[in-house]
Amino acid sequence: MDDLDRKLIELFAAEPRVGVLEASRRLGVARGTVQARLDKLESSGVVTGWGPDLAPEALGYPVTAFLTLEISQSAGHEAVAEQLAAVPEVLEAYTITGAGDLWCRVVARTNADLQRVIDRVVAASGVRRASTVMALATQVPYRVLPLVGQVD
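Since the structure is predicted, the reported quantities are computational estimates derived from the model, not experimental observations. Per chain, residue numbering runs from 1 following the sequence as it is written. Only residues with pLDDT of at least 70 are given local features in this predicted model, and only at 80 or more are side-chain atom pairs given and counted; all residues enter the totals for whole chains, interfaces and linings. Heavy atoms from the whole structure form the basis of all side-chain values; hydrogens and water molecules are not counted.

As a further point, take the sheet that holds strand β2 (residues 90–95). For two strands to pair, DSSP has to find at least two bridges joining them. Elements are defined by DSSP. Helices are runs of H or I of four residues or more, strands are runs of E of two residues or more, and each kind is numbered from the N terminus. Pairing is antiparallel in the open sheet, where 4 strands are placed in the order β2-β3-β1-β4. Only two strands of the sheet have a single partner each, and these edge strands are β2 and β4 (127–134). Each adjacent strand pair in this sheet contributes to an overall mean axis angle of 25°, direction not counted. By the bridge criterion, 7 bridges tie strand β1 (residues 63–71) to strand β3 (residues 102–108) in an arrangement that is antiparallel. Residue pairing for β3: Phe66 is matched across the bridge by Arg105. Should any heavy atoms of two residues lie within 4.5 Å, those residues are considered in contact. Here, axes are lines fitted to C-alpha atoms. For helices the fit covers the stretch in contact, and angles between N-to-C directions go from 0 to 180 degrees. Packing against the sheet, helix α4 (residues 77–84) makes contact with β1, β2, β3 and β4, and its axis sits at approximately 5° to β3. Running over the sheet, helix α5 (residues 111–122) touches β1, β2, β3 and β4 and is turned about 155° from β4.

Laid out in structure tokens, this is it:
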């Protein structure tokens, strides 16, 4: 990744709808160069998507919680993860080290609705127990852009 790649990523992160032609004008390079660089960044896995970022709160899900799941070791992480993926309120799930086996970020419509979400997660075969922590406020939102400046 060179300086042009960094500038492209920063530009498209700030203005996702800028377009290839306008990006080439702003950066002073050929349109084909911009397109080739974007294609390279996408094919190499640096850029993983072009869709809009969505706010769960604006969709009616203002409650965020983190679930640490203990699973039956015979169930397997993949089988449990497949069931979790069927729960729309599960935004992400990771295999972890430590006291639990899986970590999930979930959202709910209300605190009371969170219990329904937890019940649905715990109903997945292989899940033995869930420990829940509710988020009160977002101090640093999910981000990756600061890493772009760190890549040599």
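Moving on from the model shown.
It is worth spelling out the packing of helix α2 (residues 20–27) against helix α3 (residues 31–43) at this point. It is at 8 Å that the axes of α2 and α3 come closest, and there the two elements cross at 110°. Classified by the interaxial angle, the pair formed by α2 and α3 is roughly perpendicular. Between α2 and α3 the crossing geometry is right-handed. Listed contacts from α3 to Val20, Leu21, Ala23 and Ser24 of α2 are Arg31, Val34, Gln35 and Leu38. Residue polarity follows a fixed list, in which Ala, Val, Leu, Ile, Met, Phe, Trp, Tyr, Cys and Pro are nonpolar, Asp, Glu, Lys and Arg are charged, and the others, Gly among them, are polar. Among the residues making up the contact of α2 with α3, the classes are represented as 5 nonpolar, 2 polar and 1 charged. Any angle from 65 to 115 degrees is called roughly perpendicular, while one under 35 is roughly parallel, one over 145 is roughly antiparallel, and all others are oblique. Helix crossings get a hand from a simple test, with the near helix turned counterclockwise from the far one by less than a right angle marking a left-handed crossing and a clockwise turn marking a right-handed one.

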